[in-house]
Amino acid sequence: MPVEFKDYYKVLGVPRNASEEDIKKAFRKLARQYHPDVAKDKKGAEEKFKEINEAYEVLGDPENRTKYDELGASWREDGSFRQAPGRQGRGRRPGGEESFEFHVDGTGFSDFFEQFFGRGGRFGGMNDFAPPHARSTEEEGFALRGADLESDILVTLEEALAGSVRTVSLQRVNRRTGEAKTQTLKVRIPPGVHEGQAIRVAGMGEDGVGGGASGDLYLRVRFAAHPEFRVRGADLYYALDLAPWEAVLGTKVVVPTLKDRVSVRIPPGTTQGRQLRVRGRGLPIDSSGRQGDLYVVVNIQVPPEPGEEERELWKQLSRVSPFNPRKT
Amino acid sequence: MKALQVFEPDARTVYSIEMVAHLAQVPRRLIVLYYKHGLVSPVRDPASSGWCFDEEAIRIVRRIEYLRSACNVNLAGIKLILGLTQEVERLRQELRFQQRR
């Protein structure tokens, strides 16, 4: 089944030669606009949000972006290639007469993404956990468990905090007959899931051989990029822009958390890159109710075009201040 | 539309070694062997509270089985591969964190 080529540049509304910074800015702007928690048209925004995230997942990573650009150059209308593609799609197992092709839908990633940028392929066969078919003939009469299937699932940080129920559908296409069977199921994303965690959906993998049990479907959690926060373990990082005088004199600012907003005191003499910790405002660490922290990372900005009077004041300051950052 | 089956895996579910053996279709003694080689670990100290494993352990046992049977890797090789994939995963997450700055 040929997959449709996705124009990720169009999704983010940036030109092909956009800088990394432009891509980041475009993503943040769109992600704020379409974030399912803020948008009015929930259903439409959710679709759009997933699309933006997928595009950023590819274009925001220099390695993926290069690969994508090369892919675009060798892509044909029917979804095939002029050159052979680098690797097989995921969730597929080669060999055997009764071979099936699997498509998992509702995970937040398109077939196009799964095929070329999904993580499973990087493990080189690790997505293919069943013993090979050859073994079943050798050990005739043994019941073999069906293979497990793995797929990534896009989870927003809000979902990781509160949990959610997702509708996922699994389509099996018989390679020989072309017959397709679709199963739809609801999967609970438990609160406190972490990046890379695999949610096991029992019995939804490939059928077993000789009366063996079915394999399982593993949905591997992949956090959606958030417009405000970056994630490291259970901790969240928020970049706070400050004016130079705010950093020098200290101030009080209101910063967002995943749930609400908190007021943070910036102490006088705060330097660039300083991390201020807001305890317990991160993601759940485990099911015990403990939570990670929110780190506010200070990012000092300078006025881009100071006016006449402003410049005069800075000049005055430079004459008065004994501060020399390069003095050893 | 008919009611859909809801899968509610509980992150806290722990499995006995017999259950892991059943779910991963691996003899119990092999799981003990994997434990002795430091490939898979129970959630709590087996000496004080018995052998309890989590979901992740089942996944690891299956991974070990695949490496052993399909790739013909011995236990030392499996230990190395599992360690490396874990490290790659950690580095990939850190890279994503740094790139999104």
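Since we're looking at a predicted model, the values are computed, not measured.

Enquirer: Requested: an account of the overall build of chain A, with residues and values cited.
Expert: Looking only at helices and strands, chain A has nine helices and 12 strands in total. A total of 328 residues make up chain A; the buried ones form 48% of that total. Within chain A, contacts between residues at least 6 apart in sequence are counted, and of these 63% link residues at least 24 apart. Of the accessible surface of chain A, which amounts to about 17300 Å², a share of 50% is contributed by carbon and sulfur atoms.

Enquirer: Explain the environment of A:K181 to me, and be specific about the residues and the numbers.
Expert: Residues and elements named next belong to chain A. Tracing the backbone through its elements, the reader meets K181 in strand β4 (residues 180-189). For the pair formed by K181 and F102, sequence separation is 79 residues and the distance between their alpha carbons is 9.8 Å. Excluding residues that lie within four positions of it along the chain, K181 makes contacts with L170, Q171 and R172.

Enquirer: Report on the packing of helix α1 (residues 17-24) of chain B against helix α2 (residues 28-36) of chain B, specifying residues and quantitative values.
Expert: Residue and element names in this part refer to chain B. In contact at an axis separation of 9 Å, α1 and α2 are set at 105 degrees when each is read in the N-to-C sense. For the element pair α1 / α2, the angle class is roughly perpendicular. Residues I17, E18, V20 and A21 of α1 lie in contact with α2, whose contacting residues are R28, I31 and V32. Per-class residue counts for the contact of α1 with α2 are five nonpolar, no polar and two charged.

Enquirer: Can you explain the sheet that holds strand β7 (residues 229-232) of chain A? Please cite residues and give values.
Expert: Judged by pairing direction, the sheet is mixed, and its four strands sit side by side in the order β7-β8-β12-β11 (chain A) without closing on themselves. A single partner strand is all that each edge strand has here, and the edge strands are β7 and β11 (275-278) of chain A. Pairs of neighbouring strands in the sheet enclose a mean axial angle of 30 degrees, with direction left out of account. The sheet contact formed by β7(A) and strand β8 (residues 235-242) of chain A spans four bridges and is antiparallel. For A:V231, the partnering residue across the bridge sits in β8(A) and is A:L236. Of the strands in this sheet, β7 and β8 of chain A are in contact with helix α5 (residues 75-99) of chain B, which crosses β7(A) at around 160 degrees.

Enquirer: An account of the sheet that holds strand β5 (residues 198-201) of chain A is needed here, citing residue identities and associated values.
Expert: Residues and elements named next belong to chain A. Sheet architecture is open: three strands sit in the order β2-β6-β5, paired in mixed fashion. Of all the strands in the sheet, the pair left with one neighbour each is β2 (149-155) and β5. If you compare each strand with its neighbour and ignore which way they point, the axes differ by 30 degrees on average. Summarising the sheet, β2 and strand β6 (residues 217-223) pair through seven bridges and their orientation is parallel. Along β6, the bridge assignment pairs L149 with L217.

Enquirer: Just give me the short version of the pattern of salt bridges, but keep the residues and values in it.
Expert: Taken as a whole, this structure holds 25 salt bridges over all chains when the rule is applied. Its salt-bridge partner being B:R96, residue A:E195 comes within 3.7 Å of it at the nearest N-O pair. Taken together, the residues span two chains, with A:E195 in the loop between β4 and β5 and B:R96 in helix α5. Residue classification places B:R96 among the buried residues on the basis of a relative accessible area of 14%. Put simply, B:R68 and B:E65 hold a salt bridge, and the shortest N to O gap is 3.2 Å. Here the residue B:R68 and the residue B:E65 both occupy positions in helix α4 (residues 55-69), the gap between them amounting to three residues, near one helical turn. Owing to a relative accessible area of 33%, B:R68 belongs among the partly exposed residues under this scheme. Exposure remark for B:E65: the relative accessible area of 17% places this residue in the buried category.

Enquirer: Run through the packing of aromatic side chains, naming residues and quoting values.
Expert: Residue and element names in this part refer to chain A. Inspection of the entire model under this criterion finds 14 aromatic pairs over all chains. Seen from their ring centres, F27 and Y56 are 4.1 Å apart, and the 10 degrees between their planes marks the pair as stacked. With F27 in helix α2 (residues 20-34) and Y56 in helix α3 (residues 42-59), the pair connects residues that are 29 residues apart, well separated along the chain. Of the two residues examined, F27 and Y56, each falls in the buried class.

Enquirer: Can you tell me about α3(A), naming the residues and giving the values?
Expert: Between the first and last C-alpha of α3(A) there are 25 Å, a value that for 18 residues agrees with the 26 Å anticipated at 1.5 Å per step. Residues of α3(A) that are buried: A:A45, A:F49, A:K50, A:I52, A:N53, A:E54, A:A55, A:Y56, A:E57, A:V58 and A:L59.

Enquirer: I'd like a rundown of the pairing of strand β12 (residues 294-300) of chain A, residues and numbers included.
Expert: On a regular strand, one side chain projects to one face of the sheet and the next to the other, so that they alternate. Residues and elements named next belong to chain A. In terms of burial, β12 is a largely internal element, five of the seven residues being buried. Relative to β12, β8 runs parallel, the two being bridged by seven bridges. Along β12, the bridge assignment pairs L240 with V298. Judged from the four bridges that link them, β11 and β12 form a sheet pairing that is antiparallel. Residue pairing for β12: L276 is matched across the bridge by V296.

Enquirer: Before we move on, could you go through the confidence of the model for chain A and cite the residues and values that matter?
Expert: Residues and elements named next belong to chain A. On average, chain A scores 81 in pLDDT, and the residues at 70 or more come to 84%. Taken together, the stretch residues 83-97 has pLDDT below 50 and engages in 42 contacts with residues farther than four places along the chain or on a different chain. Counting interchain partners and residues more than four positions distant, the pLDDT-below-50 stretch residues 120-140 has 42 contacts.

Enquirer: Lay out a nonpolar patch on the surface with the relevant residues and their values.
Expert: Residues and elements named next belong to chain A. Where nonpolar side chains cluster on the molecular surface, the patch consists of W245, V248, L249, W314 and L317 and spans about 530 Å² of accessible area. At the level of secondary structure, the elements contributing two or more residues to the nonpolar patch comprise α8 (244-249) and α9 (308-320). Examining the composition of the nonpolar patch, we find that three residues originate from one element, α8, more than from any other. Tracing the backbone shows W245 in helix α8. You can call W245 partly exposed: its relative accessible area is 43%.

Thresholds, definitions, all that
- Residues numbered from 1 in each chain as written.
- Chains lettered and ligands numbered in written order.
- Predicted model: local features only at pLDDT ≥ 70, side-chain atom pairs only at ≥ 80, totals over all residues.
- Heavy atoms only, no water.
- Helix = DSSP H or I, 4+ residues; strand = E, 2+ residues; numbered from the N terminus.
- Buried < 20%, exposed > 50% of the residue type's maximum accessible area, 1.4 Å probe, protein only.
- Contact = heavy atoms within 4.5 Å.
- Areas by Shrake-Rupley, 256 points an atom, 1.4 Å probe, with all protein chains shown as cover.
- Axes fitted to C-alpha atoms, helices over the stretch in contact; angles between N-to-C directions.
- Parallel < 35°, antiparallel > 145°, perpendicular 65-115°, else oblique.
- Nonpolar A, V, L, I, M, F, W, Y, C, P; charged D, E, K, R; others polar.
- Pairing = 2+ DSSP bridges.
- Salt bridge = Lys/Arg side-chain N within 4 Å of Asp/Glu carboxyl O.
- Phe/Tyr/Trp six-rings, centres within 6.5 Å; stacked < 30°, edge-to-face > 60°.
- Expected span 1.5 Å × (residues − 1).
- pLDDT = per-residue confidence, 0-100.
- Patch = residues over 30% accessible without salt bridge, like charges linked within 9 Å, V, L, I, M, F, W, Y side chains within 5 Å.

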